[in-house]
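Read off the chains here:
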Amino acid sequence: MSSTQNIRLAIANMSCGSCVGRVDRALAALPGVSDVAVNLASETVRLTLDSPARLAEIIAALEQAGYPARLASTRLAVNSMSCASCVGRVERGLAAVPGVVQVEVNLASETATVRHIEGLDLSALLDAAAAAGYPAEPVAPTGGATPDATTDRATRKADEAHALARRTLIAALLTLPVFTLEMGRHLIPGFGGLIDATLGQQTSWLIQFVLTTAVLVGPGRMFYRKGLPALLKGAPDMNSLVAVGTGAAYLFSLVALFAPTLIPETARAVYFEAAAVIVVLILLGRWMEARAKGRTGAAIQKLLGLQARTARVLRDGDTRDVPIDEIRAGDILVVRPGERIAADGEVTEGSSHIDESMITGEPRPVGKSMGDPVTGGTVNGAGAFQFRATRVGADSTLAQIIRMVEEAQGAKLPIQGIVDRITMWFVPAVMALAALTVLAWLLLGPAPALAFALVAGVSVLIIACPCAMGLATPTSIMVGTGRAAEMGVLFRKGDALQLLSGVEVVALDKTGTVTEGRPELTDLILSDGIDRQRLLSLVAAVEAQSEHPVGEAIRRAAQAEAAPHLPADGFEAIPGYGVRARVDGHDVLVGADRLLTREGIDSSALVADETRLAERGRTALFAAIDGRAAAVIGVSDPVKPASAAAIAALHDLGLQVAMITGDKRDTALAIANETGIDHVIAGVLPDGKVAALDELRAGSGTPRRVAFVGDGINDAPALAHADVGIAIGTGTDVAIESADVVLMSGDLRGVVNAVEISTRTMRNIRQNLGWAFGYNVALIPVAAGVFYPAFGLLLSPMLAAGAMALSSVFVLSNALRLRRVTPVMDERVAHAPAAPLTPAPAE
């Protein structure tokens, strides 16, 4: 059967015939690609592939040529997955759909995220999932008028747990007499004689047959309905192991009961109780698993609970209550004391204090007045105010946070790749091992060899637990990233959770990260003959055109001293140097000393003053008027109260801390000495931060993993270049595309908490994987009977079923411990006076 596929791709950036030619040449040069037809009018290309695997190469080639294919992402809720083998089959089934680029399946959340070419028919994905044996349905996007998928999932898991509880109870009630009749012989002295004297062995076996049949046909039917078709397709899963194991015990017992002459008398026995108890124990484990899975999404549920349901909107002079879905950007909303804010916006009237702790993790109420931003989902205090909605629905901060957390929870960490490769072959390997076990007992075992072979073979099938292996990583990710979100730490990219735990150096931007980012003018040293107010007027006129925080400090100082306001013309920003403009007939320059050097202006008369300011931790700028150095300006950006304590906490975690800044070295060293920073790289231009990160990464010769912490806007190249980019924010700008991690708090406490939750989550994953793999490595040989020759120990299938069920429950319970992780730094730590620190020599 041919594997060729005809694909139609939507292409971006095509504007002319030359573009068509370049796209055609880029694709025609690829092996396995033929019949390329590029259409400029529809901005599409049609082509034929000799293999579906070629699609990724095509996407990469188009990206490199500058004409990226338009891709989309679809999230599916996948039913019937029970173990890691199911994950592999769903991934392979969806990946085989023409047009699919990437598939990530998460067993814990029971979802699949499919990245595919734009315009792919959704029904093709649903059909592929159903054909693989795992029906799926699309997940509604978060934040709009559609029902939220997480709520649907929580309801579904609750219903599933309830149904499993009912099945478990029915199975247990039916199994209890079976267990009593058979195991009572071995556990209670004289019980076997009593049964033989009253019911008789044959009648006892018939009762066990009837009740066990009811268990397998009723509550246990799910294992056969799912496991046997998977086995017949050559893709066995956990249900197949249970179905084959219990089926073997049941069929052997049927033969012993109804055709006893076919079995040697020494091996004649029934194992109805084993089949029934196995079903009960595994149903019990599935019920406990479903309950635990429901709790792994508790963080998302909590975030969803922050959404207001209605809002009070001012329209046409009247105030009316409307559903949150009817709020539009630009609406004026009225907020009364104690109410939850319905959308992101800006205060237009009134003032209040708002509890933003549910988003930022900071318990201290934040004062809000006219012009201040407010965030949907936070709770108003005692005041009343009005605000203009700016971001609503799926664009709101809360919706973006929920979306980030959902994406992080569905991510696949690099460590998961090893697990996937193992579990892909695990169930077939277990079935083969069970067959070898049976054969070995039949050939080498003592009498009754057939009975021993059956017990050992069934035990091997039942005790193997791919469920635990499949759940080990995703459950920890779900709980860990959810708890991180509650602490104000958002992992935008799933692999950042693993990478951050291995970071050795944390590099910090200075302004707005270590410092407040709101500098104040502290010194103004004038050249001879320069008037202070006149200079302030000229410099403030230039800085009025700039968005730099230092310019804002100068403008505030000029306003405070009532310096005359002057207009500026011909403003020019010179990145990394400063600014210039024409003010009141004068050519005015404001910037670093390198700006004056570049312009050939002598600043030697003020250099000593600049050095003294820098040694005191001031940022020193020069002002020049008409080609003459006029003043040196000292600006101080106060260190945030939490910075020193946070840097000390990073040291306690075994991390080195560096600071990258454009300030002069003396200024940077003063701040480093105040906060305990280990290394300083100063005088760096904006485009030099990437090189500075490479310098830190190289270290003393041994490559080190480096995280960079910045504001997510000016530091975008460095955030993208670092091993882990951490954007520190204010709780309103959460869509920072360059960062791997977004912190809702405005200081370095969030960095400490991010590193801690990453480390704890990865430790939890390793514990889960160690248990899941160690369990199978240790107990499968025990189940096969390796200890029988020396110790006479042969594991009962019922004990194997109990151990298997508990294995998954252990993994889930261990992952849920992450819900109890507390922030390393809270409000008390952040604002406590920092102890003096003696930093290592700056480099």
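Because the structure is predicted, anything quoted here is derived from the model rather than measured.

Chemist: Give a description of the overall build of the protein that names residues and reports values.
Modeler: The secondary structure content of the protein amounts to 31 helices and 28 strands. Each of the 843 residues in the protein was classed as buried or not, and the buried ones make up 52%. Here the analysis covers contacts within the protein between residues at least 6 apart in sequence; of these, 71% occur between residues at least 24 apart. For the protein, the exposed area adds up to about 35,100 Å²; of that, 57% sits on carbon and sulfur atoms.

Chemist: I'd like to hear about the pairing of strand β20 (residues 578-583), residue by residue, with values.
Modeler: When you tally the buried positions in β20, you get 5 out of 6 residues, the bulk of the element. Alignment of strand β19 (residues 568-574) against β20, held across 5 bridges, turns out to be antiparallel. Paired with A568 across the two strands is V583, which belongs to β20. As paired elements, β20 and strand β21 (residues 586-591) share 6 bridges and run antiparallel to each other. The partner of R580 across the bridge, within β21, is L589. Between the antiparallel neighbours β20 and β21 lie 2 residues, among them D584 with a positive phi of about 50°.

Chemist: So what about the sheet that holds strand β3 (residues 44-49)? Which residues, and what values?
Modeler: To summarise the sheet geometry, strands pair through backbone hydrogen bonds and adopt either a parallel or an antiparallel arrangement. Strand order in the open sheet made by the 3 strands is β1-β3-β2, with antiparallel pairing throughout. The open sheet has two edge strands with one neighbour each: β1 (5-10) and β2 (33-39). Averaged over all pairs of adjacent strands, the angle between strand axes in this sheet comes to 15°, irrespective of strand direction. Where β1 and β3 come together, 6 bridges link them in antiparallel fashion. Its bridge partner lying in β3, N6 is registered against T48.

Chemist: Describe in detail the pairing of strand β22 (residues 619-625), supporting the description with residues and values.
Modeler: Counting buried residues in β22 gives 7 out of 7 residues, a clear majority hidden from the surface. Along β22, one buried face is formed by T619, L621, A623 and I625 and the opposite face, lined by A620, F622 and A624, is buried too. In this structure, β21 lies alongside β22, joined through 4 bridges in antiparallel fashion. The residue bridging L589 from the neighbouring strand is A624, located in β22. In sequence, β22 turns back onto strand β23 (residues 628-636) through a hairpin of 2 residues, with D626 there showing a positive phi of about 55°.

Chemist: Quick rundown of the UniProt feature "transmembrane region" (unreviewed entry) in the protein? Include the residues and the values.
Modeler: Sequence positions flagged by UniProt for "transmembrane region" (unreviewed entry) are, in local numbering, residues 164-183, 203-220, 241-263, 269-287, 422-444, 450-473, 769-788 and 794-816. The distance from the first to the last C-alpha atom of residues 164-183 is 26 Å, and the span holds 100% helix and 0% strand. Measuring from the first to the last C-alpha atom of residues 769-788 gives 28 Å, for a span that is 85% helix and 0% strand.

Chemist: Residues and numbers for the side chain of R580, please.
Modeler: Locating R580 in the fold gives a position in strand β20. R580 sits in the buried class, given a relative accessible area of 17%. In this structure the side chain of R580 is engaged in a polar contact, spanning 3.1 Å, whose partner is the side chain of D587. Contact partners of R580, with chain neighbours within four places excluded, come to V542, G570, F571, E572, I574, D587, V588, L589 and E599.

Chemist: Could you give an account of the sheet that holds β21, with specific residues and numbers?
Modeler: Pairing is antiparallel across the open sheet formed by 6 strands, whose spatial order is β18-β23-β22-β21-β20-β19. Looking at strand neighbours, the two that pair on one side only are β18 (520-526) and β19, the edges of this open sheet. Geometrically, the sheet is characterised by an average inter-axis angle of 20° between neighbouring strands, direction not taken into account. The sheet strands contacting helix α20 (residues 532-543) are β18, β19, β20, β21, β22 and β23, and the helix crosses β20 at an angle near 110°.

Chemist: Residue-level account of the environment of G377, with values.
Modeler: Tracing the sequence through the fold places G377 in the loop between β13 (373-374) and β14 (379-380). Under the relative-accessibility criterion, G377 is labelled buried at 2%. Once the C-alpha coordinates of G377 and L398 are considered, the two residues, 21 residues apart in sequence, prove to be 6.7 Å apart. The contact partners of G377, leaving out residues within four places of it in the chain, are L306, R340, I341 and L398.

Rules used in this analysis
Residues numbered from 1 in each chain as written. Predicted model: local features only at pLDDT ≥ 70, side-chain atom pairs only at ≥ 80, totals over all residues. Heavy atoms only, no water. Helix = DSSP H or I, 4+ residues; strand = E, 2+ residues; numbered from the N terminus. Buried < 20%, exposed > 50% of the residue type's maximum accessible area, 1.4 Å probe, protein only. Contact = heavy atoms within 4.5 Å. Areas by Shrake-Rupley, 256 points an atom, 1.4 Å probe, with all protein chains shown as cover. Pairing = 2+ DSSP bridges. Axes fitted to C-alpha atoms, helices over the stretch in contact; angles between N-to-C directions. UniProt positions renumbered as here; feature names shortened; annotations may be inferred. Polar contact = N/O pair within 3.5 Å; in protein donor to acceptor, adjacent residues only side chain to side chain.

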